[in-house]
Amino acid sequence: MIFIMENKNRSSFAFFLGVVFVCCLLQIASIAKGDPLIFPSVFEILKAFFRLIFSAKTYRLIGTTLFHLALVMIFSTIFGVIFGILEGLCNFSRKFFSPLMIFLRSIPMIVLVVIIMVLFSYSKVPYIASTLVLIPLLSEATSEGFQRIDTELLDVYRLNSSLSLQVIFRVYIPLMAGYIKAAYINAVGMGMKLVVSTEYLVQTRNSLGKAIYSSTYFNEYQDIYAYALIMIMLVFFVSEFPLFVIRFSEKRI
């Protein structure tokens, strides 16, 4: 027990040192740049951060962006898992969808956004563009998890049942949950960056992307770095909180 507590204390101390190290890097970069307007000091960034944190407007911006991110994660998870299961079921499906996944992984984000801006209204761009980029990430993890399932475990259900939606949800998905969790953590961080980037490009009202654009326009660079800190905290929250809830539920059971 004492050994575990010592490890936790060491981990917390190491994390704290890592935060201090990042702050030192930012301060060194600010000094090297020699222009406090373009690259303000850590003190100025933190001052802007706390000013934004205690502003009601900031939470409206966060709410809009988190709403976009939630929809993106829902749609990308649904389509990613569906494509992944189809790819995992047979080699033909995997080869058939491979060009589409390569296309979505390889196309530059700005090109994809421009195409979607031409085809759809600007308000839908953050959802569609971000979802399309995340689908290959989640489908690949689902397909990999599907193929890694122990065949002996699958033989148990095959004795009594054929493949159905119930079997997929009660047998396949729980067995490949580890792969989906890992992909989800990566997808949330990437999804936040994609959503904010698309909000910035299409000027979505009352969003973090729009706020960053306005800060750039008015040369308020300390606010840009402060918004970056806020987004890092949001990514940490939305990626770790669901896992915390799952672990807490498992302990209660």
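Relevant structure appears above.
**Q** Can you walk me through the pattern of salt bridges in this structure?
**A** Should the charged atoms of two oppositely charged side chains come close, the side chains can pair. Summed over all chains, the structure comprises three salt bridges. Between Glu-44 and Lys-47 there is a salt bridge; the shortest N-O distance is 3.7 Å. One end of the pair, Glu-44, and the other, Lys-47, are both in helix α2 (residues 42-53), three residues apart, so they sit about a helical turn from each other. Overall, the relative accessible area of 30% leaves Glu-44 in the partly exposed class. The salt bridge involving Arg-51 is made with Asp-223; its shortest N-O contact spans 2.5 Å. Within this pair, whereas Arg-51 is found in helix α2, its partner Asp-223 is found in helix α11 (residues 221-252), the two being separated by 172 residues in sequence. Judged by relative accessible area, Asp-223 falls into the buried class, the value being 5%.

**Q** Got a minute to help me understand the packing of helix α3 (residues 56-89) against helix α6 (residues 125-148) in this structure?
**A** When two helices pack together, their arrangement is given by the angle between the helix axes and by the axis-to-axis distance. One way to put it is that α3 packs onto α6 with a least axis distance of 6 Å and a crossing angle of 40 degrees. The interaxial crossing formed by α3 with α6 has right-handed handedness. The residue makeup of the contact of α3 with α6, split by class, is 16 nonpolar, twelve polar and one charged.

**Q** Sorry, what's going on with the packing of aromatic side chains here?
**A** We describe a pair of aromatic rings using the distance from one ring centre to the other and the angle between the two ring planes. Evaluated as defined, the whole model comprises six aromatic pairs. Judged by centre distance (5.2 Å) and plane angle (80 degrees), the rings of Phe-96 and Phe-97 are edge-to-face. With relative accessibility at 54%, the residue Phe-96 sits in the exposed group. Classification of Phe-97 by relative accessible area gives buried; the value is 14%. On the basis of an interplanar angle of 70 degrees and a centroid distance of 5.6 Å, the ring pair of Tyr-200 and Tyr-213 is categorised as edge-to-face. Taken together, the residues Tyr-200 in helix α9 (residues 177-202) and Tyr-213 in helix α10 (residues 208-217) connect sequence positions 13 residues apart. Judged by its relative accessible area of 32%, Tyr-213 falls in the partly exposed class. Taken together, the ring pairs connect Phe-83, Phe-92, Phe-96 and Phe-97 into an aromatic cluster.

**Q** What is the right way to read the nonpolar core from this model?
**A** One recurring pattern in soluble globular proteins is that nonpolar side chains are buried together. Membership of the largest hydrophobic core comes to 38 residues, with the highest contact counts inside it found for Leu-208, Tyr-227 and Ile-230. Looking at this core, the elements with two or more residues in it are α2, α3, α5 (109-119), α6, α9, α10 and α11. In contact with Leu-208, not counting residues within four places along its chain, are Leu-61, Ile-62, Thr-65, Val-196, Glu-199, Tyr-227, Met-231 and Leu-234. Counting residues in hydrophobic clusters, the runner-up holds five residues, among them Val-81, Phe-146, Met-176 and Ile-180.

**Q** How should the environment of Leu-66 be read in this particular structure?
**A** Within the element layout of this structure, Leu-66 appears in helix α3. Assessed through its relative accessible area of 24%, Leu-66 is described here as partly exposed. For the pair Leu-66 and Val-238, spaced 172 residues apart in the sequence, the C-alpha separation amounts to 9.1 Å. The residues touching Leu-66, leaving out its near neighbours within four places in the chain, are Met-192, Leu-234 and Val-238.

Cut-off values and rules
- Residues numbered from 1 in each chain as written.
- Predicted model: local features only at pLDDT ≥ 70, side-chain atom pairs only at ≥ 80, totals over all residues.
- Heavy atoms only, no water.
- Salt bridge = Lys/Arg side-chain N within 4 Å of Asp/Glu carboxyl O.
- Helix = DSSP H or I, 4+ residues; strand = E, 2+ residues; numbered from the N terminus.
- Buried < 20%, exposed > 50% of the residue type's maximum accessible area, 1.4 Å probe, protein only.
- Axes fitted to C-alpha atoms, helices over the stretch in contact; angles between N-to-C directions.
- Left-handed = near helix turned anticlockwise from the far one by under 90°.
- Nonpolar A, V, L, I, M, F, W, Y, C, P; charged D, E, K, R; others polar.
- Phe/Tyr/Trp six-rings, centres within 6.5 Å; stacked < 30°, edge-to-face > 60°.
- Core = buried A, V, L, I, M, F, W, Y, C linked by side-chain atoms within 4.5 Å.
- Contact = heavy atoms within 4.5 Å.

The quantities given are spatial measurements derived from coordinates; they are silent on function.
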